[in-house]
Amino acid sequence: MTKAAKREVHRKEPPQLKTPTALGESAREDIAGAVNALLADTFALYMKTKNFHWHVSGPHFRDYHLLFDEQAGEILEMTDELAERVRKLGGTTLRSIGQVAKLQRSSDNDADFVDPQDMLAELREDNLTLAERLRETHELCDEHRDLGTNNLLEELIDQAEERAWFLFEASREGPVIRH
């Protein structure tokens with residue numbers, strides 16, 4: 001077969017991205033869709049966290065600046081894990097910022113100025129909301145007996161809850177009152 005003939009065959013039969021999996025087609029589609037929505041939310045949270053990292057000001061600048069950067073890095077790592085899980089399931093994942101915007105359920109913050117305490121509170125709530133959405137997807141995976149995705153989700157839930165905890169503690173002002 002000539003090179004030209006091989007190219008013509010490639011044009012007629014696009015390569016398939018369906019990775020083999022023991023999960024059924026319905027499970028694959030349901031879970032890949034849910035994980036892609038989580039991925040969009042995660043990208044949006046990453047961007048908001050970096051936004052606050054870049055724009056934080058005030059007496060706790062250094063602490064908050066470093067905290068937001070550390071958390072943004074952890075969130076960015078999540079994106080690769082979620083996207084690769086979708087591929088392991090035989091699905092396709094996000095390809096553009098446009099897809100992120102279309103699928104994300106979390107809110108952006110485009111304000112010119114955000115008080116640092118409001119940044120902490122907003123990111124804390126966003127991380128708790130992400131943890132809840134991870135749990136909802138975990139329940140879907142339970143229905144389909146997808147242990148691999150559930151294992152990943154459990155780790156990510158713990159990370160989101162830890163970020164929320166750190167953001168809560170960083171937002172506390174004044175002396176600690178013990179009862």
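Described below are features of the structure shown in this document. Treat the numbers as computed from the prediction; the structure is a model and nothing was measured. (Residues numbered from 1 in each chain as written. Predicted model: local features only at pLDDT ≥ 70, side-chain atom pairs only at ≥ 80, totals over all residues. Heavy atoms only, no water.)

1. Regarding the nonpolar core
Phase 1: With 36 residues, the main nonpolar core has Ile-31, Phe-68, Leu-82 and Leu-134 as its most contacted residues.
Phase 2: Mapped onto this core, the elements with two or more residues apiece are helix 2 (25-55), helix 3 (61-88), helix 5 (116-144) and helix 6 (147-171).
Phase 3: Top element by residues in this core is helix 2. It accounts for ten residues.
Phase 4: Contacts of Leu-134, omitting those with residues within four sequence positions, involve Leu-38, Leu-153, Leu-156 and Ile-157. (Core = buried A, V, L, I, M, F, W, Y, C linked by side-chain atoms within 4.5 Å. Buried < 20%, exposed > 50% of the residue type's maximum accessible area, 1.4 Å probe, protein only. Helix = DSSP H or I, 4+ residues; strand = E, 2+ residues; numbered from the N terminus. Contact = heavy atoms within 4.5 Å.)

2. Observations regarding the packing of aromatic side chains
The geometry of an aromatic ring pair comes down to the distance between the two centres and the angle between the two planes.
Phase 1: If you walk through the whole model with that rule in mind, you get three aromatic pairs.
Phase 2: One aromatic cluster in this structure is built from Phe-52, Tyr-64 and Phe-68. (Phe/Tyr/Trp six-rings, centres within 6.5 Å; stacked < 30°, edge-to-face > 60°.)

3. Topic: unusual backbone geometry
Phase 1: Despite not being glycine, Arg-145 shows a phi value in the positive range, around 55°.
Phase 2: As for its placement among the helices and strands, Arg-145 is situated in the loop between helix 5 and helix 6.
Phase 3: A residue is classified by how much of its surface remains accessible, and Arg-145, at 73% relative accessible area, is exposed.

4. What about the pattern of salt bridges?
Phase 1: The full count for this structure, using the stated rule, is eleven salt bridges.
Phase 2: We note a salt bridge from Asp-146 to Arg-85, for which the minimum N-O separation is 3.0 Å. Note that Asp-146 is positioned in the loop between helix 5 and helix 6 and Arg-85 in helix 3, a separation of 61 residues in sequence. A single burial state applies to Asp-146 and to Arg-85, both of which are buried.
Phase 3: Across the salt bridge formed by Glu-125 and Arg-124, the nearest N and O atoms sit 3.6 Å from each other. (Salt bridge = Lys/Arg side-chain N within 4 Å of Asp/Glu carboxyl O.)

5. So, a negative patch on the surface
Phase 1: Residues Glu-29, Asp-30, Glu-70, Glu-132, Glu-136, Glu-139, Asp-142, Glu-143, Glu-154, Glu-155, Asp-158 and Glu-162 make up a contiguous surface patch of negative charge.
Phase 2: Elements that contribute at least two residues to the negative patch include exactly helix 2, helix 5 and helix 6.
Phase 3: The element contributing the most residues to the negative patch is helix 5, with five residues.
Phase 4: Tracing the backbone shows Glu-154 in helix 6. (Patch = residues over 30% accessible without salt bridge, like charges linked within 9 Å, V, L, I, M, F, W, Y side chains within 5 Å. Areas by Shrake-Rupley, 256 points an atom, 1.4 Å probe, with all protein chains shown as cover. Lys, Arg positive; Asp, Glu negative; His and termini not counted. Charge placed at Lys NZ, Arg CZ, Asp CG, Glu CD.)

6. Describing the packing of helix 5 against helix 6
Phase 1: Where helix 5 contacts helix 6, the axes come no closer than 8 Å and their chain directions differ by 160°. As the angle between them shows, helix 5 and helix 6 are arranged roughly antiparallel. The way helix 5 lies across helix 6 gives a crossing that is left-handed.
Phase 2: Considered class by class, the residues forming the contact of helix 5 with helix 6 number 15 nonpolar, seven polar and six charged. (Axes fitted to C-alpha atoms, helices over the stretch in contact; angles between N-to-C directions. Parallel < 35°, antiparallel > 145°, perpendicular 65-115°, else oblique. Left-handed = near helix turned anticlockwise from the far one by under 90°. Nonpolar A, V, L, I, M, F, W, Y, C, P; charged D, E, K, R; others polar.)

7. What to know about a nonpolar patch on the surface
Phase 1: A cluster of nonpolar side chains, Trp-165, Phe-166 and Phe-168, forms an exposed patch at the surface whose accessible area comes to about 320 Å².
Phase 2: As for its placement among the helices and strands, Phe-168 is situated in helix 6.
Phase 3: Taking the relative accessible area as the measure of exposure, Phe-168 reaches 36% and is therefore partly exposed.

Keep in mind these numbers describe shape, not what the thing actually does.
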